[in-house]
Number of protein chains: 2
Amino acid sequence: MTTHTSLSTIEQEQRAYLEALEAEMQLFFDEQGELMAEVSAETLPILDAIKKLSTGGKRLRALLAYWGFRGAGGQADDPIIIKAGLAIELFQSAALIHDDIIDASDTRRGAPSVHRQFESMHRQQGFKTSPEAYGVSSAILTGDMCLSWSEMAFSSIPQAGAHSEARHIFNLMRTEVMAGQYLDIVSEVVHVESPQVALERALNVIRYKAAKYTCEQPLALGGALGLGTAHGEPSPLIDHYRTFALPLGEGFQMRDDELGVFGEPEVTGKPAGDDLREGKRTVLTAYTAMLANSADHDFLESSLGNQQLTLTDIARLQELIRVSGALDAVEQLIEEKSQQALGALATLQVSEHVRTALEAIAAKALKRSA
Amino acid sequence: MTTHTSLSTIEQEQRAYLEALEAEMQLFFDEQGELMAEVSAETLPILDAIKKLSTGGKRLRALLAYWGFRGAGGQADDPIIIKAGLAIELFQSAALIHDDIIDASDTRRGAPSVHRQFESMHRQQGFKTSPEAYGVSSAILTGDMCLSWSEMAFSSIPQAGAHSEARHIFNLMRTEVMAGQYLDIVSEVVHVESPQVALERALNVIRYKAAKYTCEQPLALGGALGLGTAHGEPSPLIDHYRTFALPLGEGFQMRDDELGVFGEPEVTGKPAGDDLREGKRTVLTAYTAMLANSADHDFLESSLGNQQLTLTDIARLQELIRVSGALDAVEQLIEEKSQQALGALATLQVSEHVRTALEAIAAKALKRSA
């Protein structure tokens, strides 16, 4: 009964935060729109694309920052955590825009990806030269703009100045995710090494591109803002946050990778088996390469990254990933990460209110149906 | 004689600044290299590419920031203007990396552009899938990393906090240049409107993509840091800086555009007539379209953006740009901008030392041999 009451209080508080974040975002977009219109109204499609992309999404990162902030003593309606959430979500939009160019993804959250939107605009307006090149160029600039806006939002927080731990975390987060993203594209082009090396590489990509970025650093960032920690100052709470959020993020990403292979298009907003077509190298594909028989292994290797995969091919790949035992192996790994995360959460020095909120986020992140 | 002595003092001071900037940059790269190596040594090609690109260049933007700072009372060896210079130059590197993807440029400063470097690496390492796609993806991420690093350098300046005018200028500068860059690619795809509209568009691109970014904002930024101006606080010196640096930047960019058409490869580090092949729409091409006879006009329109242009085609284009009177028209415009800039400089409330330094920069920027 207590948990029930507390969950509804938490949901209410969370909703209030997300609404404040949405309002801040709209205000921010309005201000940027005025600046851009001064340059030329022709530049406004950039704003429109960022707006459309940024109003969707689960806001997992912003919510972790929020509860990290609250757990560290921050007030529910403090503008600094709203601005931090805005900075994190705009960074995520920027990353998605450029990711979709890199992965040649046609769709994002059920809508055309940004480079495809500009490509369509080129065709509709009857522009000259290549629609594809125009789409990519425009999306590169749109991502750059969004990246700058993210920083603009972050630097508007007076408590995130040059010597703060929050600034340090925000900087590190960006370097890590971009390095992790590069590592990811390297993993798609290198020739297969030993399955063990491929697995280690996939785990490393997950750690830097996903787990630290999606869970660990947002929670730590919120904590640092809540505590007002200076860079270099020891902080047991932030350290403890990390022991909870890193395995949470690893588990979450492995779930997400399962979804990229087995997820229904209605759930993922992407075509079935899209990650296979894109040639994404994940812990799941690494385990499959390790465990599958030789014929299946060869079929997997020749299929990953083949844009022409049919639904039959995809069904066969799904089947062999299952039969090889790779899916079970990943499930077990997720279970381990989940235990680590929940174990750390149980002893976290935060109020029961915050712990319950983090539990709910963890449950949602780890138990998404694949 | 006085001028002579003063010029050598100025050069010495400028050299000391550029050396300090170089040292700061190396230190910054070393620190980032350590972080990246922690992710994986495989990510270090990103650092190498940024390093190689950033150690070249004229440092025009950093020098304008420096003299803006000195003119506003800043000390010659103050670390804040070294960090600001680093932030500006890293931003420029990021912009160049993405520009070269957008313009499909093979070379930059006489070396292969970043996407071409990664493309070569792909071939040398015998990687799988498309070298071109890998080159572009890697360069997108390298530009993103560099953009983040620029911001990291800027936010390490305690005097550039949330409410400072310097922060405001840095933010605005980024929005303007990205919007201007988008406007530039739009100008390459829209169908020709009236020559007057094309000219206005070209002038707008120059203003936002080049003049404000290359001259006006760096000088204003240095001034704001030197004065310690809060955002919104009136500042006659910064206003006066702008009336000098905006026309300076416009004149500079028109010179640069002439160079893109008439420049020798040894001077530009790019093939002859490269801007014509890329289909760059400039004030020079707009004037040509306006003034050329119908046959020449048609040849110009069918040639701009044609990657297959021969040296003979380029020579014919150079000739028709001259004969149409467009080159003279642009020369006259540069002369007007030059007069405006020098007029404003003459009454600027700065020491003669700073004025002489700015005069030397202006002379160099405006008188580059085409």
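Look a little higher up for the structure.
Note that the structure is a prediction, hence the values are computed from the model and not measured.

Quick look at the interface of chain A and chain B now. With 60 residues of chain A at the contact, the number on the chain B side is 60 residues. Among the residues chain A hides against chain B, the three largest losses belong to Val39, Lys128 and Tyr182 of chain A. Together they make up 14% of the total. Scanning the region where chain A abuts chain B turns up 2 salt bridges. Arginine 201 of chain B is the partner of glutamate 42 of chain A in a salt bridge, and the nearest nitrogen-oxygen pair spans 2.4 Å. The interface formed by chain A and chain B holds 15 residue pairs in polar contact (both at pLDDT 80 or more) in total. Among the secondary structure elements, those contributing two or more residues to the side of chain A that touches chain B are α1 (2–39), α2 (44–54), α4 (79–102), α5 (114–125), α6 (131–155), α7 (165–189) and α8 (195–227) of chain A. The leading source of residues in the side of chain A that touches chain B is α7 of chain A, at 15 residues. Among the residues making up the side of chain A that touches chain B, the classes are represented as 30 nonpolar, 19 polar and 11 charged.

Laying chain A over chain B is done by rotating through 180 degrees and shifting 0.0 Å along the axis; what remains is an RMSD of 0.0 Å. Such a turn and shift between the copies fits a two-fold axis. Nearest to the rotation axis, the C-alpha of glycine 161 of chain A is located 3.2 Å from it, this being the minimum over chain A. Counting the interface residues of chain A, we find that 100% of their copies in chain B are interface residues as well, pointing to one common contact surface.

What follows covers the packing of aromatic side chains. Counted under the stated rule, the structure contains 22 aromatic pairs over all chains. Here the aromatic rings of phenylalanine 127 of chain A and tyrosine 134 of chain A are separated by 5.6 Å at their centres, their planes lie at 75 degrees, and the arrangement is edge-to-face. The buried category is assigned to phenylalanine 127 of chain A, whose relative accessible area is 15%. In this structure an aromatic cluster arises from ring pairing among Phe118, Phe127 and Tyr134 of chain A together with Tyr182 of chain B.

With that settled, consider the pattern of salt bridges. Residues and elements named next belong to chain A. Summed over the entire model, instances satisfying the criterion amount to 48 salt bridges over all chains. We note a salt bridge from glutamate 22 to arginine 59, for which the minimum N-O separation is 3.1 Å. Note that glutamate 22 is positioned in helix α1 and arginine 59 in the loop between α2 and α3 (60–71), a separation of 37 residues in sequence. The exposure class of arginine 59 is buried, given its relative accessible area of 6%.

Here is what the cut-offs are and how they apply
Residues numbered from 1 in each chain as written. Chains lettered and ligands numbered in written order. Predicted model: local features only at pLDDT ≥ 70, side-chain atom pairs only at ≥ 80, totals over all residues. Heavy atoms only, no water. Contact = heavy atoms within 4.5 Å. Buried area = accessible area lost by both parts, 1.4 Å probe. Salt bridge = Lys/Arg side-chain N within 4 Å of Asp/Glu carboxyl O. Polar contact = N/O pair within 3.5 Å; in protein donor to acceptor, adjacent residues only side chain to side chain. Helix = DSSP H or I, 4+ residues; strand = E, 2+ residues; numbered from the N terminus. Nonpolar A, V, L, I, M, F, W, Y, C, P; charged D, E, K, R; others polar. Least-squares fit on C-alpha atoms with pLDDT ≥ 70 in both. Phe/Tyr/Trp six-rings, centres within 6.5 Å; stacked < 30°, edge-to-face > 60°. Buried < 20%, exposed > 50% of the residue type's maximum accessible area, 1.4 Å probe, protein only.

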